[in-house]
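Working through the structure, step by step
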Amino acid sequence: VTPIEAIVEEIARGRRFLITSHARPDGDSIGSQVALALALEGLGKQVTIVNRDPAPASLLSLPRVEDIVLADRVDEPFDALFVMECGDLARPGIEGLDKYRIVNIDHHPGNAMYGVVNWFDTSAAACGEMVVELLDALGAPLTRDIATHLYVAILTDTGSFRHSSISPRTFEICRRAAEAGVDAASIARQVYETASLGKLRITGALLQRMRLEAGGRLAVLTLDDGLLQETGASAEDIDGVINLPLNVKDIVAVAMFKEAIDDGLRVSLRSKAPVDVRAVAQRYGGGGHTSAAGFTAPDREPATLARIVQDVAAAIDLTGVDRATPDS
Ligand code: 5GP
Ligand code: MN
């Protein structure tokens, strides 16, 4: 029995399903969850989506997103729980999930296999690509609303069609989405051109404070306490800023230290292939993808932060990417 066959069987047997994903959900977590929910509802099932944190503001107006339940504990009975995009069962940040029959669907390398069915496919550019495969196996149609969410999942998780995880199937799904009536231009506008003024201001402030390390190959961004208030930005407005230094030719990795968000000091890492920042994150108990990973720092000591920067610099050295030359 393949994982997909086992999942189809779980769906056939059950009537009430719960779907969840990781805390601080992104476009792929929202898109994957809602696309699956709409398909299951189309099959006559009852579906609840529960997340610890709200969807990004830019996605709130997409179909069914307003019906996502926000909670940090779940107790009602369900026939099965679909956990999307989570390497382990701590990622959702929700209590009480371990009592359900869990279907684990993920595309991150290094999955803890916490489900009764564990399906992961690291070749998928987004978890949304896996959802399409499941819908096809279920014979569920790609309605316009479902296709919209799948397109958002792919658009956001590929970094706007830039990551190395993109494959022919990525574009095949986009082709099907366009055929289902998805308007790529209006989704791009919704996702990328609805920011607050605070976001623009905090982007400027963070880049102003950017430090270069490892001979100009590593950018370090620091969100200090107070910067959010100063600029009128929300915590969510910081998302995406981390990718900007990679626009520069010689910068191949970015480390961002975020104070005052969640508990503890959050560290986000980004890189250009082949620099492996997931290996660094794993050393600190985190994870992610080769080029996008994160973790919570063990403490805020300057020596700890310096060691993290050193570790990313060492990951760059491992790839043999040359130091930036003054005139390059
Ligand atoms: P971000 O920097 O946007 O928070 O996360 C980037 C990537 O790293 C995402 O794919 C996310 O799933 C993963 N990630 C971030 N923080 C953690 C963490 O604490 N643990 C694990 N396992 N993965 C993380
Ligand atoms: Mn994803």
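None of the values given here were measured: they were computed from a predicted structure.

**Focus on the packing of aromatic side chains**
Under the definition given, this model contains five aromatic pairs. Relative to F171, the ring of F161 lies with its centre 5.9 Å away and its plane at 20°, an arrangement referred to as stacked. Taken as a pair, F161 in the loop between helix 4 (144-157) and helix 5 (168-179) and F171 in helix 5 lie far apart in primary sequence, 10 residues in all. Judged by its relative accessible area of 28%, F161 falls in the partly exposed class.

**Examining the site of ligand 1**
The full set close to ligand 1 counts 13 residues, and R91, R266, S268, R270 and A293 are the nearest of them. Note that an oxygen atom of ligand 1 is positioned 3.3 Å from one of the backbone N or O atoms of G287. Within the backbone of G294, a nitrogen or oxygen atom sits 3.3 Å from an oxygen atom of ligand 1. Within the complex, the protein chains bury 76% of what would otherwise be the 500 Å² of accessible surface of ligand 1. Mapped by element, the contributors of at least two residues to the shell around ligand 1 are strand 10 (266-271), strand 11 (287-289) and strand 12 (292-296). Sort the elements by how many residues they give to the shell around ligand 1 and strand 12 lands first, with four residues. Class assignment for the residues of the shell around ligand 1 results in three nonpolar, seven polar and three charged.

**A closer look at the coordination of the manganese ion (ligand 2)**
Coordination of the manganese ion (ligand 2) by the protein is provided by D28 (OD), E85 (OE), H107 (NE2) and D157 (OD), with metal-donor distances spanning 1.8 to 2.3 Å. Expressed as a motif, the donor residue spacing for the manganese ion (ligand 2) is D-x56-E-x21-H-x49-D. Here E85 lies in the loop between strand 4 (80-84) and strand 5 (102-106) and D28 lies in helix 2 (residues 27-42), a separation of 57 residues in the sequence. Residue class for D28 comes out buried when judged on its relative accessible area of 0%.

About the thresholds
Residues numbered from 1 in each chain as written. Chains lettered and ligands numbered in written order. Predicted model: local features only at pLDDT ≥ 70, side-chain atom pairs only at ≥ 80, totals over all residues. Heavy atoms only, no water. Phe/Tyr/Trp six-rings, centres within 6.5 Å; stacked < 30°, edge-to-face > 60°. Helix = DSSP H or I, 4+ residues; strand = E, 2+ residues; numbered from the N terminus. Buried < 20%, exposed > 50% of the residue type's maximum accessible area, 1.4 Å probe, protein only. Near = heavy atom within 4 Å. Polar contact = N/O pair within 3.5 Å; in protein donor to acceptor, adjacent residues only side chain to side chain. Areas by Shrake-Rupley, 256 points an atom, 1.4 Å probe, with all protein chains shown as cover. Nonpolar A, V, L, I, M, F, W, Y, C, P; charged D, E, K, R; others polar. Donors = N, O, S within 2.8 Å, 3.2 Å for Na, K, Ca; no water.

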